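Architecture and fold: a report
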Amino acid sequence: MAARVPARANRDDRYFTDTFQYMPLDGYTRMFERILDHPRIRVEVGVDFFRVRHRIRAKHIVYTGPIDAYFGHCFGRLPYRSIEFRHEHVPTPKYQLVGTVNYPNDFRFTRITEFKHLTGQKAHGTSIVREFPCDEGDPYYPVPRPENEAVFKQYERLAKETDDVSFVGRLAQYRYYNMDQCVGAALKAAESLAARFGAQEPRSGDTVGRVHTHAGTGAVAALPGLA
Ligand SMILES: Cc1cc2nc3c(=O)[nH]c(=O)nc-3n(C[C@H](O)[C@H](O)[C@H](O)COP(=O)(O)OP(=O)(O)OC[C@H]3O[C@@H](n4cnc5c(N)ncnc54)[C@H](O)[C@@H]3O)c2cc1C
């Protein structure tokens, strides 16, 4: 895990060193609302894909959930790490010097993030979140160990044979992606789908995409040919 922790001998306190690092002007929620605001995209939140899959008649599905769940855990369960987020409002203008401080050893939580540093918001109090790692709850992180990779490879073989589904993202590709890598994987999948289905313009009034999600952001999208 230490491989993911950058060590610096300068005063750059950013975690990543990418040239461009910004928050979306109006925040992530608004950004995704705008991406999904299209007459041919329908979003259904709070819906478990497995509860509705029998009524999805799509030519192609983009699946972003855990890959082992898609195949009914037929080769066993892949471990995913989860996090319990404990939010707190503290009546002090600033709680810590920077946005995120890691606590790798001495506490049950691993990180404290103070959002004010990210948003530039001015207020008398401040909001922080502590992250407690756990193995139950929403799956967030794959657990990159050789034995898990071997199980994943079995699922990946099945996925490659499943021609009408694209498996995209951290949980479906069992990869430790950061956001930019996720976006890269999504664009790559989109390009290959456009090459495959691009010639088929939807008829007027067709729904081109339907997004189902547990929590509120993009999850399982069904492409042209939806009933
Ligand atoms: C605490 C934390 C901090 C992070 N910080 C950073 C950071 O600072 N910088 C950075 O670059 N990256 C960061 N990341 C990583 C980044 O958030 C992920 O790489 C990215 O969100 C993964 O996107 P994804 O679409 O692959 O998967 P997810 O965001 O996990 O999306 C998967 C979606 O599938 C949905 N889903 C799953 N199963 C079902 C089902 N059965 N039915 C319906 N919907 C389902 C889920 O609800 C979810 O919406 C962080 C991650 C975490 C957990």
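Quick caveat: nothing in here was measured; it's all calculated off a predicted structure.

The subject of this paragraph is the overall build of the protein chain. What the protein chain contains, in helices and strands, is six helices and ten strands. Taken over 227 residues, the protein chain has a buried fraction of 14%. By sequence separation, contacts in the protein chain at least 24 residues apart represent 67% of the contacts at least 6 residues apart.

Looking at where Glu156 falls in the secondary structure, it is placed in helix 5 (residues 146-161). A residue is classified by how many C-beta atoms lie within 10 Å of it, and Glu156, with 16 of them, is partly exposed. Distance from Glu156 to Asp68, taken between C-alpha atoms, is 9.4 Å for residues 88 residues apart in sequence.

Right, let's get into the sheet that holds strand 3 (residues 80-90). With antiparallel pairing, the five strands of this open sheet are ordered in space as 4-5-6-3-7. The sheet terminates laterally at strand 4 (100-102) and strand 7 (141-142), the two strands that pair on one side only. Looking at chain direction, strand 5 (residues 111-114) and strand 6 (residues 126-134) are connected through four bridges and run antiparallel. Bridge assignment links Thr113 to a residue of strand 6, and that residue is Val129.

What follows is about the pairing of strand 3. Relative to strand 7, strand 3 runs antiparallel, the two sharing two bridges. If you follow Tyr80 over to strand 7, its bridge partner there is Pro142. Sheet topology places strand 3 next to strand 6; nine bridges connect them, and they run antiparallel. Bridge assignment links His89 to a residue of strand 6, and that residue is Ser127.

Tracing the backbone through its elements, the reader meets His73 in the loop between helix 3 (67-70) and strand 3. When the 13 C-beta atoms within 10 Å are taken as the criterion, His73 is described as partly exposed. With 82 residues separating them in the primary sequence, His73 and Tyr155 have C-alpha atoms 8.9 Å apart.

Before going further, it helps to examine the environment of Glu147. Mapped onto the elements, Glu147 comes out in helix 5. Given 9 C-beta atoms within 10 Å, Glu147 falls into the exposed group.

What follows is about the nonpolar core. If you look at the biggest cluster of nonpolar residues, it comprises 15 residues, and the most contacted ones within it are Tyr63, Ile67, Phe167 and Ala172. Mapped by element, the contributors of at least two residues to this core are strand 2 (61-63), helix 3 and helix 5. Here this core takes three residues from strand 2, the largest share from any one element. Apart from the residues lying within four places of it in its own chain, the contact partners of Ile67 are Tyr155, Ala159, Phe167, Leu171, Ala172 and Tyr174.

Take the confidence of the model for the protein chain next. Overall, the prediction assigns the protein chain a mean pLDDT of 86, with 86% of residues at 70 or greater. Per-residue pLDDT stays below 50 along residues 215-219; that stretch engages in eleven contacts with residues further than four places along the chain or on separate chains.

Criteria and cut-off values
Residues numbered from 1 in each chain as written. Predicted model: local features only at pLDDT ≥ 70, side-chain atom pairs only at ≥ 80, totals over all residues. Helix = DSSP H or I, 4+ residues; strand = E, 2+ residues; numbered from the N terminus. Buried ≥ 20, exposed ≤ 12 C-beta atoms within 10 Å, placed from the backbone. Contact = placed C-beta atoms within 7 Å. Pairing = 2+ DSSP bridges. Core = buried A, V, L, I, M, F, W, Y, C linked by C-beta atoms within 7 Å. pLDDT = per-residue confidence, 0-100.

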